[in-house]
Amino acid sequence: MSSEAKPSLGSVLVIGGCGFLGHHVVRLLLRDYTCSVSVIDLRCTRNRRPDPDGVSYFEADITDLDRLEAIFSQVKPDVVIHTASPPAQGNDKVSHALFKKVNVDGTAAVIKACQKTGVKALVYTSSASVVSDNSSDLINADERWPTVRGKDQTEYYSETKAAAEELVLASNRAAEAPKLLTCAIRPSGIMGEGDTMVLYHLINVYRQGRDNVQVGNNDNLFDFTYVENVAHAHLLAARALLLTAASKTIPLDHERVDGEAFFITNDSPVYFWDFARAVWAAAGSPRGTEHVRVLPRSVGMVLGFLSECFFWAIGKPPTFNRQRIVYSCMTRYYDISKAKRRLGYKPLVPLDEGVRRAVKWTLEQQEKSKAQ
Amino acid sequence: MGLAQQAIYFLLHPNQLRAIIQWKVWHEPVHRRDPSKETPTEKSCFHYLNLTSRSFAAVIQELNPELLMPICLFYLVLRGLDTIEDDMTIDIKEKEPLLRGFHELMEKDGWTFNGNGPNEKDRDLLVHFDDVIAELKKVKKPYYEIIKDITIKMGNGMADYALNAEHNANGVNTIADYELYCHYVAGLVGEGLTRLFVASNLANPKLLDRMELTESMGQFLQKTNIIRDVHEDWQDGRRFWPKEIWSQYFDKWDDLFAPENREKALQCSSHMVLNALKHAEECLFYMAGIRDQSVFNFVAIPQSMAIATLELVFRNPAIFERNVKITKGDACQLMTESTQNLRVVCDVFRRYARRIHKKNDPRDPNYLAISAQCGKIEQFIESIFPTQDPKKIAADRRHPNDQPGMDTMDAIYLVMSCVAIMILVGVSMVGVAWLMGANMEKMVRGLDQALGGSVRSPAPIANVPGRDEL
């Protein structure tokens, strides 16, 4: 792509730009767009671009509104991409407080800062889990599905993501700043270089030789999404919001991007255990499926319950529990027609290529940490 | 298979026998031709249809009367062309003008052709082609024009390939070549059929705006045949698998069949299956545009057979050793299922997509891509026949009490009502027994004695009517 053909996004501020998703957003901004890039993160040492790339880094806690406003006034962003979120791990009081503080209060502060400094477009990273109750199947779900809130939502992390998404979408063309346009991206199962969750756990399962058990019948489809595609969707959304901001009329309902949420996937749901096996094969597993024993879901649930009892007795958080069984037997995939139609979204990298890249990176990281 | 062998086979596979019986007994054609009203030339056409086609003869003869004759003749014309193209005893100098000019020959009254070699299995059709020509004259103009147009395109395509084959004995090279070949032998037929369906108002005219759907119908069938027949074609010295695919696994085509290369050959074949499976969603989409039951059956049966065949050949080493085909029982079951509606055909596609996914091997380079393609087929079916309704999900969440589910109280109620019903049944049985004259006192006494005896027995009564025990 020649530099003339690259679309312009003006001044872009990426919040969480040193994080897993955020640093890919920064990379794509530099690769595919004409713009000046700034980053806010708690610490700006990891995933930092080399100085010649011209990215400005600011260390800040996003719940600190004064600090945010000061940076916003200095950077004067046209576009804010808000990807910051703590890892969705932990189910205790401390992590719940952190989810609430960063996801809800932090996002509220980001919105305030946007409204006060004349930002045109805010793209928020939500999560596809906001419509999941963590036990029922989601079969080809699209944006018409209701979000699961309050006591129906068993994962507090998802509750806070949904609450923040609601704040972001409510601030679209709001009275406080009618010019601010917002939208939310709901990615499902992000994986890729920099991921320390999905692939890290799966590869550990293989290393520990636990790849010989399959829970459930493996007919359940699941959406995993390569991180670059998610980053790409954010930038398409930012560009659509800027175009809307520049036009005099409000777009028709079926074309609207502002005030809307979008599911983003790789547009290729795969059977849950097939994904795991593809990861193991990429990590060097020479095995097929002959050695695999199939454990019915019900048996898995009993074992999960026993494990929970055991860990409760010894007073530690369980490493294996019923929720893990539920997840591995759940159907959970999405229809992303809306993003295709309104954002012009299409995954840049197919799923198998994404898995290859992500596994290669994870193995390299493990080699490095061993060498140290 | 001998009769005894067959009997043992069906004894061990009762489902197969059941499917065959079900099809033979319960299949009721939407339309039946009426031979008593047919002219001798019509009868002759159906005779040659039955002679030349194994798979299409039955479904064609059950077609809507509006299209019965046009499609039968369309088939015979193309079969005639094919019989000339296939015959290696005809010199290319004679063959080329026959193929390119076939659309004119088929308008000449009384034209027949006896230049086929004696071993050409369908030579009789061309020897009596005057009967086909006589019937073609009676076909409605719009239908005839479609048949003629496709005959021109097909004849020229075959001539080009015949000339090309003279020069190039090495078979198909790129995937684009492969798909072009499939277009000539199957895509064009599909084009003609779609135009006939729409012209007779038996299919949605929108199919004409989305000709890629028609193309997929033909590609899906032809690619499946090419994968299945790989061994037979290899023996005949022909190769239709594109070099662009097999060269990723082998340097020489013949290596594909060496027993020591089986695993590699299987990987190569699953690459071919993946390439064919890409058409599945468009095939389902196409079938949604058919408005007439007999036409639906006509298009759906070959498609169901194709996905079942793909499942059969997928990771099946036998395809490199012999010709494989789906069992008679499976074929009958597929025919029963393909003569209902789109939903049932979608169930067939989903069932076979899942079977393919179950056979998938993580060591295969196309493992995840195949899994994703099976997922795509399932997702597409969900988009036509959704399982979940967001409105209902939202409503259920607003009124959680309406949700069918079982908490502890429900379980207790259930157990209590079971116990109550058992008591009720017990009591009424005793009551009925008493009404019918059972001697309750004797039973109570027996029970009492067993427990130690505190009930004083009344004075014995002589001549108690009824029976003593039950």
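Quick caveat, the model's predicted, so the values are computed rather than measured.

*Asks:* With reference to specific residues and values, describe helix 11 (residues 175-199) of chain B.
*Replies:* Considering bend angle alone, the principal kink of helix 11 of chain B is centred on H183 of chain B and spans about 50°. Positive phi appears at N201 of chain B, one or two residues downstream of helix 11 of chain B, with a value of about 60°.

*Asks:* Any details on a nonpolar patch on the surface? Residues and values, ideally.
*Replies:* Residues V299, V302, L303, F305 and L306 of chain A make up a contiguous nonpolar surface patch of roughly 420 Å² in combined accessible area. Within the secondary structure, V302 of chain A is located in helix 8 (residues 297-314).

*Asks:* Go over the domain arrangement of chain B, please, and point to the residues and values.
*Replies:* For chain B, the assigned domains are domain 1 (20-384) and domain 2 (411-450). For domain 1 of chain B and domain 2 of chain B, the distance between their C-alpha centroids amounts to 70 Å.

*Asks:* Would you mind going over the interface of chain A and chain B in detail, with residue names and values included?
*Replies:* Each partner contributes to the interface: chain A provides 36 residues, whereas chain B provides 24 residues. Counting the surface lost from both chain A and chain B, the interface buries some 2,500 Å², and carbon and sulfur atoms represent 54% of this. Connecting chain A to chain B are 4 salt bridges. Between D219 of chain A and K358 of chain B there is a salt bridge whose closest N-O contact spans 3.0 Å. Where chain A meets chain B, there are 14 residue pairs in polar contact (both at pLDDT 80 or more). Elements that contribute at least two residues to the side of chain A that touches chain B include exactly strand 6 (138-141), strand 13 (270-271), helix 7 (272-282), strand 15 (332-334) and helix 11 (351-371) of chain A.

*Asks:* Talk me through the pairing of strand 1 (residues 8-15) of chain A; I want residue IDs and the actual numbers.
*Replies:* Residues and elements named next belong to chain A. Of all 8 residues in strand 1, 6 are buried, a share of seventy percent or more. Here strand 1 runs beside strand 2 (residues 34-41); their pairing, made up of 7 bridges, is parallel. Its bridge partner lying in strand 2, I15 is registered against I40. Chirality of the crossover, the property in question, places the unit of strand 1, helix 1 (residues 20-32) and strand 2 among those that are right-handed.

*Asks:* Please set out the state of the cysteines residue by residue, giving values where relevant.
*Replies:* What the rule picks out here adds up to 0 disulfides over all chains. Unpaired in terms of disulfides, C44 of chain A finds its nearest cysteine sulfur in C18 of chain A, a separation of 4.2 Å. For C44 of chain A, a relative accessible area of 1% corresponds to the buried category. In this model C45 of chain B remains outside any disulfide bridge; the closest cysteine sulfur is found in C72 of chain B, 5.6 Å from its own.

*Asks:* I'd like a description of unusual backbone geometry, backed by residues and values.
*Replies:* Residue and element names in this part refer to chain A. We note that N134 has phi near 70°; this positive angle belongs to a residue other than glycine. Structurally, the position occupied by N134 is in the loop between strand 5 (121-125) and strand 6. Using a relative accessible area of 2% as the deciding quantity, one classes N134 as buried.

*Asks:* Any chance you could break down the UniProt feature "domain: 3-beta hydroxysteroid dehydrogenase/isomerase" (unreviewed entry) in chain A for me, citing the residues and the numbers?
*Replies:* Residues annotated in UniProt with the feature "domain: 3-beta hydroxysteroid dehydrogenase/isomerase" (unreviewed entry) correspond here to residues 13-289 of chain A. With 38% helix and 18% strand, the stretch residues 13-289 of chain A has end C-alpha atoms that lie 47 Å from each other.

*Asks:* So, the pattern of salt bridges: which residues are in play, and what are the values?
*Replies:* All names here are of chain A. Throughout the structure, instances matching the rule amount to 62 salt bridges over all chains. Salt-bridge contacts for R256 lead to D258; the nearest nitrogen and oxygen are separated by 3.0 Å. The same class applies to R256 and to D258, which are both buried. Shared partners join several salt bridges into a network, and the residues in it are R27, R31, D32, E228, E353, R356 and R357.

*Asks:* Describe helix 2 (residues 65-75) of chain A, naming the residues involved and giving the relevant values.
*Replies:* Residue and element names in this part refer to chain A. For helix 2, every residue scored as buried is listed here: L68, E69, I71, F72 and V75. One face of helix 2 carries all of its buried residues, which in axial projection span an arc of 165°. Exposed residues lying more than 90 degrees from the buried face of helix 2 are D66 and Q74. Check the buried side of helix 2 and you find it contacts strand 1, strand 2, strand 3 (56-59), strand 4 (79-82) and helix 3 (93-116). Looking one or two residues past helix 2, K76 carries a phi angle of roughly 50°, positive in sign.

*Asks:* Go over the environment of P296 of chain A with me, naming the residues and quoting the values.
*Replies:* Residue and element names in this part refer to chain A. Within the element layout of this structure, P296 appears in the loop between strand 14 (293-295) and helix 8. By relative accessible area, which is 44% here, P296 ends up partly exposed. Between the C-alpha atom of P296 and that of G216, which follows or precedes it by 80 residues, the distance is 5.0 Å. Dropping the residues within four chain positions of it, P296 is found in contact with V215 and G216.

*Asks:* Before we move on, can you summarise the UniProt feature "transmembrane region" (unreviewed entry) in chain B with the specific residues and values?
*Replies:* When the UniProt feature table is mapped onto this chain numbering, "transmembrane region" (unreviewed entry) sits at residues 411-435 of chain B. Taken end to end, residues 411-435 of chain B has its terminal C-alpha atoms 36 Å apart, with 100% of it in helix and 0% in strand.

*Asks:* Describe in detail the packing of helix 19 (residues 342-359) of chain B against helix 20 (residues 367-384) of chain B, supporting the description with residues and values.
*Replies:* Residue and element names in this part refer to chain B. Where helix 19 meets helix 20, the closest approach of the two axes is 9 Å, and the angle between their N-to-C directions is 160°. Regarding the angle of helix 19 to helix 20, the classification is roughly antiparallel. As for how helix 19 packs across helix 20, the hand of that crossing is left-handed. Along the contact surface, helix 19 presents L342, C346, F349, R350, A353, R354, I356 and H357, while helix 20 presents I370, C374, I377, E378, I381, E382 and I384.

How each quantity is defined
- Residues numbered from 1 in each chain as written.
- Chains lettered and ligands numbered in written order.
- Predicted model: local features only at pLDDT ≥ 70, side-chain atom pairs only at ≥ 80, totals over all residues.
- Heavy atoms only, no water.
- Bend = angle between axes of the 7 residues up to and from the residue.
- Helix = DSSP H or I, 4+ residues; strand = E, 2+ residues; numbered from the N terminus.
- Patch = residues over 30% accessible without salt bridge, like charges linked within 9 Å, V, L, I, M, F, W, Y side chains within 5 Å.
- Areas by Shrake-Rupley, 256 points an atom, 1.4 Å probe, with all protein chains shown as cover.
- Salt bridge = Lys/Arg side-chain N within 4 Å of Asp/Glu carboxyl O.
- Domains from an automatic or database assignment.
- Contact = heavy atoms within 4.5 Å.
- Buried area = accessible area lost by both parts, 1.4 Å probe.
- Polar contact = N/O pair within 3.5 Å; in protein donor to acceptor, adjacent residues only side chain to side chain.
- Buried < 20%, exposed > 50% of the residue type's maximum accessible area, 1.4 Å probe, protein only.
- Pairing = 2+ DSSP bridges.
- Right-handed = clockwise from strand over helix to strand, strands pointing away.
- Disulfide = S-S within 2.5 Å.
- UniProt positions renumbered as here; feature names shortened; annotations may be inferred.
- Arc of directions from axis to C-beta.
- Axes fitted to C-alpha atoms, helices over the stretch in contact; angles between N-to-C directions.
- Parallel < 35°, antiparallel > 145°, perpendicular 65-115°, else oblique.
- Left-handed = near helix turned anticlockwise from the far one by under 90°.

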